[in-house]
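# Examination of the molecular architecture
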Amino acid sequence: MKGKSFKEIIKSIPPVVFMLVAMIVIFAIIEPRYLSARNFRNILLQCVPLMIMAFAQTIVILTEGIDMSLNAVVNIVTVLTVWLALKGVPLPVGMLISVLVAIVIGVVKGFFVSKFSLPPFIVSYGMQNIVNSIALLLTGGASIYFASELYRAFTKTVFIVPNNVWVAALMFVLTYLMLKRTKLGANIRALGGNPESLTLAGVNPGRSLIKAYAFAGFLTGIAGLMMLCRVESGQPIVANGLEFQSVAATVLGGTSLRHGKGNVTGTILGVLLIQVIQNGLNICGVPAIYQSVSTGGIVLAAIIVNALITSRKAKA
Amino acid sequence: MKKISTLIFALLLVACLGLTACNSGTTPAPSATPEASTEPAAPAETKEPEQKSSGLSKATVLDASELPITGIGTTVATEVKASGDYKIGYIAKNTTNPYMNAQSAGVAKAGEDMGFEAICQAPSTADSVEEQVRIMENMIEQGCNAIIVHCADSNGIMPGVRAAEDAGVIVLTIGTPAAEDTFLRTGVDYYETGYTIATEMAEALNGEGNIIILEGPPGAANAIERLNGINDAFAKYPNIKIVASQTANFKRTEGMSVTENLLQGNSDIQGIIGANDESALGAVQALKGAGIEGVLVSGFDGSVDASNAVLNGDMFETYNTDPYGSGYIAAAYAVQYLNDGTEPAGRFIPFPTANNDPLINAETVDGYINGNAWFNALQ
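Just so you know, these numbers come straight off a predicted model, no measurement behind them. (Residues numbered from 1 in each chain as written. Chains lettered and ligands numbered in written order. Predicted model: local features only at pLDDT ≥ 70, side-chain atom pairs only at ≥ 80, totals over all residues. Heavy atoms only, no water.)

A separate point is the overall build of chain B. What chain B contains, in helices and strands, is 12 helices and 13 strands. Counting every position in chain B, which comprises 379 residues, the buried fraction comes to 55%. A total of about 15,000 Å² of accessible surface is found on chain B, and carbon and sulfur atoms cover 51% of it. (Helix = DSSP H or I, 4+ residues; strand = E, 2+ residues; numbered from the N terminus. Buried < 20%, exposed > 50% of the residue type's maximum accessible area, 1.4 Å probe, protein only. Areas by Shrake-Rupley, 256 points an atom, 1.4 Å probe, with all protein chains shown as cover.)

And the structure:
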């Protein structure tokens, strides 16, 4: 029993952990500076917006959906907050309003997906274009700027770790508790795995779906605020591309695109893996054109390893 | 639902309290602007891109003999030599544009010629300023003495610039400047490029005609400056009419489709200006497809395809924005400073300028393609 349990423990560690360790070792051998504490602080600092977006993506993917508009929501949050500030709204109030807008966008997506049984990919893709256009309209195309010391409050360090990393940690705890401890969490998993069971249990699946998208919207709003504090300006295109990375991170973390299987803890590892690869390639001075190949290759390899191990487990 | 909404509300409240607490606890950095975060007297003018850079130094246009390098394009050379082991980082905007790759090659060549280690990087998501900041932070960690960056956005790059300056690393920008003056800005003055090209076209049309403008990406500051230059130049010619001004996102396919669509509505067109060569080449294809001849098409950058189009007579003109030489000259200024603290003559020294005869048209194209064209560095 004991010997077996050790094996079990090894088996139960998600493959992404091994990839993560392997990458860190490889980069450390190539460039010893990689192992400095400041560099790991950089990695954490840099991954915060993607991390919180990936939590939101995980929730949506657990409902067997996908959200291609997360980037647009982050863009609009950075733009709207600064735009409101330029109109005279105090920055913290503007931040609050932007997060509420992000939640509303989530509700709208959830409504379309549930009421008209539309594919989430299409709904969110349409939403991405609409929201991105609004962001561009508000800024007149360029970025907009409002001077404030408030942004930098989040890059200040408390207990060794930058403040925005604490925010990401708080978002993780919230998401984790929501998924594990609340009825909504159970309903979200059921939506992905077995929606009929919800109806049988007397739960309105549409309403659960809208709540799931609203929660994801809230997280994305917070991700937008963290992005705002990083670029200190309203940037209408800043998060483009991160919507795909958030899906990749979720899948790397072991969440299945179907059947409502997976968890948000794995997503953290997925995001860290992506960030560690990008940071390592920078530090080792890999030319930019080869970086995309390397990132793509490593991410694919990780997902393939993941799939192989999962299918072997299923057979055993 | 109730539980969750209560939770969210409580969290927002906590977040707000936390924010204000953090704010009052931090001492303002010396570079901080005097406005308090909640001050409603917001500088509304900052929305205008031209005024955004009003705090920046004006261009100091130098004679070719006053520059630390000689030549233009692939003929650049310098006497400057590194007197120590320097690491100089270069951050492009993307890897999908030969222009950026040539700039990278210019910095790499400078490294060979002057004797420093050149580290050339670019964001994996094209034009992501957030990723550029990440790369800057990583370069500081890597021990770079100077960082040359082609900013994807003026304001967005500032956290990276501050981090570099705090670490004692000098920052040089090419093209789009940072929101505050850095050690040096070089590369072309986008406004001037737009103004020069549009004036040239207006003169060739004898100050009369219908024009289509294919704008750059809506979020890109350089495209907006260039557009302002174009519009200001045409404003001087009352009989030049801009019949349409739409974005083609710097892309050939979009330049083609947008032009095709616009030609449906206005077939009486005398000139088309693309905000870069790619969109201009799209317009050339659309004109050919529609069987329309005699329309003057202008672009910017002096790329391979555009130069050949000028040679064939498909395009009227393009502007040699020499990314290769821009990267090279930035590195030369950085090395001079690292050697003995030599400051440049200004904070914005454009290169190339009108002094360098940047126009590529029917007269100059032959010498350009077979001579110093920056793209010859990529082959």
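On to the pairing of strand E5 (residues 146-149) of chain B, then. Residue and element names in this part refer to chain B. Here E5 shows no split at all, with Ala146 and Ile148 on one side and Ile147 and Val149 on the other all buried. Note: strand E3 (residues 87-91) against E5, 4 bridges, orientation parallel. Bridging across to E5, Ile91 finds its partner in Val149. Handedness of the crossover joining E5 and strand E6 (residues 170-174) through helix H5 (residues 158-166) is recorded here as right-handed. (Pairing = 2+ DSSP bridges. Right-handed = clockwise from strand over helix to strand, strands pointing away.)

With that settled, the discussion passes to the side chain of B:Asp301. Position of B:Asp301 relative to the elements: it lies in the loop between strand E11 (296-298) and helix H10 (304-312). Put simply, B:Asp301 is tucked away with no salt bridge, and the nearest opposite charge, on B:Arg226, sits 4.4 Å away. (Lys, Arg positive; Asp, Glu negative; His and termini not counted. Salt bridge = Lys/Arg side-chain N within 4 Å of Asp/Glu carboxyl O.)

With that settled, the discussion passes to the domain arrangement of chain B. Residues and elements named next belong to chain B. For chain B, the domain assignment lists domain 1 (57-188 + 322-356) and domain 2 (190-319). Facing 10 residues of domain 1, the contacting portion of domain 2 comprises 8 residues. Across the domain 1/domain 2 interface, buried area totals approximately 740 Å², and carbon plus sulfur atoms make up 47% of it. Among the residues of domain 1 in contact with domain 2, Tyr99, Thr176 and Val188 are the three that bury the most area, contributing 45% of the side total. Our count for the contact surface shared by domain 1 and domain 2 stands at 0 salt bridges. If you look at where domain 1 meets domain 2, you find 1 residue pair in polar contact (both at pLDDT 80 or more). Its residues placed into classes, the side of domain 1 that touches domain 2 shows 4 nonpolar, 4 polar and 2 charged. (Domains from an automatic or database assignment. Contact = heavy atoms within 4.5 Å. Buried area = accessible area lost by both parts, 1.4 Å probe. Polar contact = N/O pair within 3.5 Å; in protein donor to acceptor, adjacent residues only side chain to side chain. Nonpolar A, V, L, I, M, F, W, Y, C, P; charged D, E, K, R; others polar.)

Now for the sheet that holds strand E7 (residues 184-186) of chain B. Residues and elements named next belong to chain B. Spatially, 5 strands are ordered E4-E3-E5-E6-E7 in an open sheet, and the strand pairing comes out parallel. Each end of this open sheet is capped by a strand with a single partner; those strands are strand E4 (117-121) and E7. On average, each strand axis in the sheet is tilted by 20 degrees relative to the strand beside it, whichever way the strands run. Here 3 bridges tie E6 to E7, and the two strands are oriented parallel to one another. Bridged to Leu172 within E7 is Leu184. (Axes fitted to C-alpha atoms, helices over the stretch in contact; angles between N-to-C directions.)

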